[in-house]
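Coordinate analysis (summary)
What follows is the residue order along each chain.
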Amino acid sequence: MDQNAFLRNLETICELKTGTLKGYERLSNIETWDSLAILGFIAMADKIYSATVKGEDVAGCKTVEDLAALLPNAP
Amino acid sequence: MNAHIRQIEYALPARVLGNEEIAAQFPDWSVGKISAKTGISERHIAAKDEYSSDLAFSACRKLFDTGTCAPADFDFLILCTQSPDYFLPSTACLLQSRLNLPQSCGAFDFNLGCSGYVYGLGVAKGLIETGQARNVLLVTAETYSKFLREDDKTVRTIFGDAATATWVAGREAPAGAPADLGPFVYGTDGSGADNLIVKRGGLRSGAFNAGPDAQAAAAPLLHMNGPEIFNFTLRVVPGCVKQLLERSGLSLEAVDFFVMHQANRYMLEHLRDKMGIPPSKFMVFMENTGNTVSSTIPIALHEALKSGLLKQGQVLLLVGFGVGCSWGGAVVRWQGL
């Protein structure tokens, strides 16, 4: 998986400026990581990675790294 | 005999819940964000003493007030609701009396949510094309707002109350003419039942006796697992559309309008993009009504007709999906009056 592309997509979902995310952030520190962002992540997984991720697995993630690990070919 | 939709009317409660009011209650969500993500600016909420039968009555009266049909014309009433006035009798029976429909009129409720309109059209077609009824009044009516917790922002931003009334009738069609309603595709995955559920008040909640599921008595009102409902939608809706196109022999290009259950803008846009449907062929109407469950598709159709978008002979593809989990799709050739 292209880590850089993943982070830029996640920034779009969380309405953050490009380059904000480095990959190790705690999701609880990202103000815009909310129920709508979880839907955004599921949509991204479906559209870009052709993957189905369970809502409870996304909700259980603590860090950006945890989110990346839900996607196929995670780094 | 071809069953077809002749006319659709709808009714909303007077009370409006705007994004400003929601944003004031949940300061971490702005008016702009709610609007941008859900595509909803306001929803209508039933008054304390206003129930599904009241909204259904208003929608049906609006239909009769157009002067094209009268209560005496109908010999069947089908009513879709998950928020009935009572456990029993059927809301359809209350409505038959209140509307002065003939006593020779069959009437029943069926319990489905967002897939309900398509199922209702399927049943109406069956009744008409087998000669069991001539004119069917298909009603959808929900007051989901009564199931919602005041502090549950994820559902309060989305759901609105409404009722619709659709006149389905038969017409003589030339031999070999395609159906005006159908083909239909139905589907069910009850393993997702817990993802959108109201336990409170049901018999299993122990509301009437010391039931087996004591915990459910204290359960929240409506519980929605939004992410799993979204996953369900992504899994079944594209397949449903594909099946409908195959069964009808139509190409995606031959369909004039796709009318999906208006769940929320975010979900719809993703589905549209996934299925490669151009925005110009994809009806979206929920900004001033919200997700009105089984009423979203008929409301979108009514508004499309009113705005001149919908014309006789056009081919529509409808898909309803949600609570159950249940889904249903149909090809509709619009005839109108």
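So, how was this worked out
Residues numbered from 1 in each chain as written. Chains lettered and ligands numbered in written order. Predicted model: local features only at pLDDT ≥ 70, side-chain atom pairs only at ≥ 80, totals over all residues. pLDDT = per-residue confidence, 0-100. Helix = DSSP H or I, 4+ residues; strand = E, 2+ residues; numbered from the N terminus. Contact = placed C-beta atoms within 7 Å. Nonpolar A, V, L, I, M, F, W, Y, C, P; charged D, E, K, R; others polar. Core = buried A, V, L, I, M, F, W, Y, C linked by C-beta atoms within 7 Å. Buried ≥ 20, exposed ≤ 12 C-beta atoms within 10 Å, placed from the backbone. Domains from an automatic or database assignment. Pairing = 2+ DSSP bridges. Axes fitted to C-alpha atoms, helices over the stretch in contact; angles between N-to-C directions.

Another aspect to go through is the confidence of the model for chain A. When pLDDT is averaged across chain A, the result is 89; 97% of the residues are at 70 or more. The secondary structure element of chain A with the lowest average pLDDT is helix α2 (residues 35-49) of chain A, at 90, and the one with the highest is helix α4 (residues 64-69) of chain A, at 93.

Before going further, it helps to examine the interface of chain A and chain B. Contacts between chain A and chain B engage 11 residues on the former and 12 residues on the latter. The set of elements that each furnish at least two residues to the side of chain A that touches chain B consists of α2 and α3 (55-59) of chain A. Among the elements that make up the side of chain A that touches chain B, the one with the highest residue count is α2 of chain A (eight residues). When its residues are assigned to classes, the side of chain A that touches chain B shows six nonpolar, three polar and two charged.

The next point concerns the nonpolar core. Residues and elements named next belong to chain B. Ranked by internal contacts, the top residues of the largest apolar core, which has 114 residues, are L77 and V139. Inspection of this core shows a minimum of three residues originating in each of domain 1 (2-171) and domain 2 (181-333). With sequence-adjacent residues up to four places away left out, L77 is seen in contact with A92, L95, Q96, L101, C105, A107, L137 and V139.

What follows is about helix α10 (residues 296-306) of chain B. Residue and element names in this part refer to chain B. In terms of burial, α10 is a largely internal element, eight of the 11 residues being buried. Turning to α10, its buried residues are T296, I297, P298, I299, A300, L301, H302 and A304. Buried positions along α10 lie against β1 (2-11), α5 (116-129), β6 (135-142), β7 (162-171), β11 (257-260) and β12 (315-322). Downstream of α10 by one or two residues, G308 has phi in the positive range, about 85°.

Turning next to the sheet that holds β11 of chain B. All names here are of chain B. Sheet architecture is open: four strands sit in the order β8-β13-β12-β11, paired in mixed fashion. The sheet terminates laterally at β8 (181-188) and β11, the two strands that pair on one side only. Neighbour-to-neighbour, the strand axes of this sheet turn through a mean angle of 10°, independent of strand direction. As paired strands, β11 and β12 are joined by four bridges and run parallel to one another. Its bridge partner lying in β12, F257 is registered against L316. Packed onto the sheet, α5 meets β8, β12 and β13 (326-333) and runs at close to 55° relative to β13. Its contacts with the sheet place helix α8 (residues 226-248) against β8, β12 and β13, and it is angled at close to 150° to β12.

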